[in-house]
Amino acid sequence: MKKVILFLTVLVFIVSHSDFSYGQSKVRWFNRKKAKAKTEEVKAPEKPKETPYQKLLKNPKKESKGLINMYFVKDKLYFEVPFDLMGKGMLLGSTISQLSDNNSSYVGVKPTSPIFVEFTRVDSTLQLRRIVKNNIASETDANIVNALDKNSIGAIMELFKVKAYNPDTTAAVIDVTNFFLKDIKEMSPFMGTPAGYTRSESFKKDRSFIGEIKSFDDNLTVKSHMTYEYSLTKGSTTAIKNKAFSTVMTRTLLLLPEEPARPRIADPRVGIFVSKKLRFSNEKNRTEEEYYAHRFNLVPSDTAAFKRGELVEPVKPIEFYIDSDFPASWRESVKHAVTDWNVTFEKIGFKNAVKALDFPEDDPEFDPDNLKYNCIRYSPTPIANAMGPSWVDPRSGEIINASVYVFHDVLKLVNRWMFIQLSPSDKNLRNVELPESYKEAGLRYVIRHEVGHCLGFMHNMGSSAAIPVDSLRSPSFTEKYGTTYSIMDYARFNYVAQPGDKERGVKLFPPTFGIYDYYLVKWNYSIFPDVASKEEESKKLEAIVSAKADDIRFRYGKQQGATMDPSSQAEDLGDDAVKASTYGIKNLKYIMAHLNEWVREEDKDYAFRESIWTNIISQYVRYVNHIYGNIGGIYLNEKYEGDPRPFFESVPRERQEQALNFLLDELNDLDWLEDKEVIENMSLTGTPAQLIRSQVIEALLNSVIKVNMAAEKSKEENPLTPKECMDEIYDAVWNKTEKGLAINAVDKELQKGFVKFVVEGSKIEQTKPGEAKAFNANTRYGIDLPDFVKRQNIADFGYEGFNEYFNPLHIHADNTPVFGFGLGITVNFVSAVSVESLFYKAILDSQTALKKGLRTVRDKDTKLHYQLLLHQINKVLN
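Quick summary incoming for the structure in this document. From a predicted model like this one, the values you see are computed outputs, not experimental measurements.

**Examining the packing of aromatic side chains**
Here's step 1: Counted under the stated rule, the structure contains 44 aromatic pairs.
Here's step 2: Between the aromatic rings of Phe-493 and Phe-509, the centroid separation amounts to 5.1 Å while the plane-to-plane angle is 75°, which identifies the pairing as edge-to-face. One end of the pair, Phe-493, is in the loop between helix H10 (475-481) and helix H11 (501-504); the other, Phe-509, is in the loop between H11 and helix H12 (515-525), and 16 residues separate them in sequence.
Here's step 3: Given a relative accessible area of 1%, Phe-493 falls into the buried group.
Here's step 4: For Phe-509, a relative accessible area of 23% gives the class partly exposed.
Here's step 5: In textbook terms, an aromatic cluster arises when at least three aromatic residues are bridged by ring pairs, as seen for Trp-341, Phe-345, Phe-457, Phe-513, Tyr-518 and Tyr-525.

Structure below.
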């Protein structure tokens, strides 16, 4: 029994212990399994889902962060545009950084003006808008301001769908690839076309791509590699067909100041570039025009010292970066041309206002093609010119960017000027190549002029006309004033000076700066620390101008197209065109007489002599034009109430007659232009003297209309009249024939030109459909117009070579009261005098003279000449 109990006890003990062990084992197994599961979760957690922002911008090939973060992902460019940038004014500019063909443009240039833009946001899209804010109102006129805002929301240049938002939803990501790889005309790389040609362009997106991207605190740049094909046609002739053209365009988006600079209201009596605004107000019952002067925003770094009259550096000086690609021998001249301007700023209290800096080598932010930097750029292009455009904050007129472009053949231009204008009076210039010191001085002069444009200064074509011609041969006067009162004039070099004058001490060069240049800087850059508004400031500036209103040396002579005011002409010197041009022509004759002996040894292939000869002809035509402008001329002045000079004043009769008689005499004295010893080894050409005669006689006959207006506006008792003008011309042409005297080849050419022009001027010539006129306007006696005559107007600005293609006239403003006299005569309500009767009478008188001549002439050639002209007249009259 005890054994049984003992067995059962042991069995129970074993079973109970077995159950416990098993249970513990189960628990340990369960816990191990649970622990194992936990361990697996830590090793392989579930991945969080990618946001659209992360997914879109994952693994960018390129990125740059700054004003706008930029990401280049899978051949697409994305902008991360902060919402606090919405509505902020920016300039969008395009600069050519590289190109495949500099016949279409050139490196460093901005082919189109920067665009004033801003981003706006509507729902899930961003818009890039082009803003035009030319209508203004005072902040106190809240209702008008509100109305103007509604009427100037900005045209949408591009609409971008939001692709994603950044993590804190303070910025939107947009795809801008297409915008920077699209042919947008406002951002085109093409400059212009030759006269008479039409260019067609085809953008090739499949050969275009986005290159480098950079973003900084206040700007960003995108390099667009663009490819086009273009063609040039003229009528039915194709000059270039489907030519490939590739360029790298640097697009800059530059943030403008949050608070615009205070505008400076322009004065039409001062030659400053301007932006036009229309002012609306509650006080005035009319819209008023207001013009903002273009100027850098110079602010003294120490206002207290500035007020005490101490020289103070500006907070932000005007900095020009000098292209590292300039020829080494040019660099110092270029730098000095920039810093030369500091002497003018010192007169108004600023020191080191203008700086010339090298292109930095260790500044990752610097890019000469970035709109943020003012640069002096070099272009290895055969253009004989330089130019200095600028671009402004349209809200204020503050100059944001100003750059000078210097083309390689600018020294060819300087060489030509000096040889043509100075070699008779300066023996050092009787060479093919310029001496080094002259080269440096000439280059410095040209760039100093262009930097003046960059500072906001326009051409003043009247500065040299304030100087008496005789003073230009005075050592004491030229030592003090040079050739002009402003380097913003086109006065060039002292062509009035004669052989021996330099030895007497006469100065031959323009001044570093004239008194008008100091006056310009004073007006445009003087600071008035205690003035509270632009209107109050304007009164102080008006006082500066009014104080000089009776001093002709400070007169602003506007640039013209067709000459109405003979005292505001390009390339002239002195107050008397006849006297100055007489000296100039005398010097040209001196050059022709000595050209071979001066350069024979250096000019083996005659290329230099041929170039000089054609430029002598161009210079002669220029002198003739200076004189011609006096016939029927009217002096023009901008004026305010109380200014002493009249708004307009006709050129006195005596001066008009002097000009007319000079030109009539010149028609018989042009043989020197065709000196056989000079031109016998040059290219085969026609006769320029013959062509010039025909053009001058036409111009003189055409001046009859000008003379009529001058006579109507004249205050003289006996002004020159159109009839008197016509009679003098007629007498010069037909005097010998009427007297039965022998005529020469020159007389015949003048008579041909006279008959041709009066027939056309009388408007009685009838031409049946398909019938050719008796005179072909396209050619003159079988001689096509030579290049120098075709480009006469352009030549006045010093362009040649590719100039017809680019024609980069550095004129930066529209036709405003400040800008100039436009491209023609700006006269309201023109009622042209009816000159048909004068021309008709001239036809009848010519007919009578020819009949009389036929009765007395013995020479067969002259008789045929008379018969031909008489036949042409009879054909028209019948």
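**Concerning the packing of helix H14 (residues 577-599) against helix H15 (residues 607-628)**
Here's step 1: For the pair H14 and H15, the least separation of the axes is 9 Å and the interaxial angle reads 170°. Between H14 and H15, the angle falls in the class roughly antiparallel. Along the contact surface, H14 presents Ala-577, Val-578, Ser-581, Gly-584, Ile-585, Leu-588, Ile-591, Met-592, Leu-595, Asn-596 and Val-599, while H15 presents Phe-608, Arg-609, Ile-612, Trp-613, Ile-616, Gln-619, Tyr-620, Tyr-623, His-626 and Ile-627.
Here's step 2: Partitioning the contact of H14 with H15 into residue classes produces 15 nonpolar, 5 polar and 1 charged.

**Here's the deal with empty space enclosed by the protein**
Here's step 1: Taken as a whole and judged by the stated rule, the model has 6 cavities of 30 Å³ or more.
Here's step 2: One number sums up the size of the largest cavity: a volume of about 160 Å³.
Here's step 3: Tallied by class, the residues present in the lining of the largest cavity amount to 5 nonpolar, 1 polar and 7 charged.

**So, the environment of Pro-566**
Here's step 1: Mapped onto the fold, Pro-566 is located in the loop between helix H13 (534-546) and H14.
Here's step 2: For Pro-566, a relative accessible area of 8% gives the class buried.
Here's step 3: Taking the C-alpha atoms as reference, Pro-566 lies 8.0 Å from Ile-627; in sequence the two are 61 residues apart.
Here's step 4: Setting aside chain neighbours within four positions, we find Pro-566 in contact with Asp-572, Gly-629, Asn-630, Gly-633, Ile-634, Tyr-635 and Val-651.

About the criteria used
Residues numbered from 1 in each chain as written. Predicted model: local features only at pLDDT ≥ 70, side-chain atom pairs only at ≥ 80, totals over all residues. Heavy atoms only, no water. Phe/Tyr/Trp six-rings, centres within 6.5 Å; stacked < 30°, edge-to-face > 60°. Helix = DSSP H or I, 4+ residues; strand = E, 2+ residues; numbered from the N terminus. Buried < 20%, exposed > 50% of the residue type's maximum accessible area, 1.4 Å probe, protein only. Axes fitted to C-alpha atoms, helices over the stretch in contact; angles between N-to-C directions. Parallel < 35°, antiparallel > 145°, perpendicular 65-115°, else oblique. Contact = heavy atoms within 4.5 Å. Nonpolar A, V, L, I, M, F, W, Y, C, P; charged D, E, K, R; others polar. 1 Å grid on protein atoms, 1.4 Å probe; cavity = no way out; pocket = protein on both sides within 12 Å on 5 of 7 lines; lining within 4 Å. Points joined across faces, edges and corners; volume = space filled by probe spheres on them.

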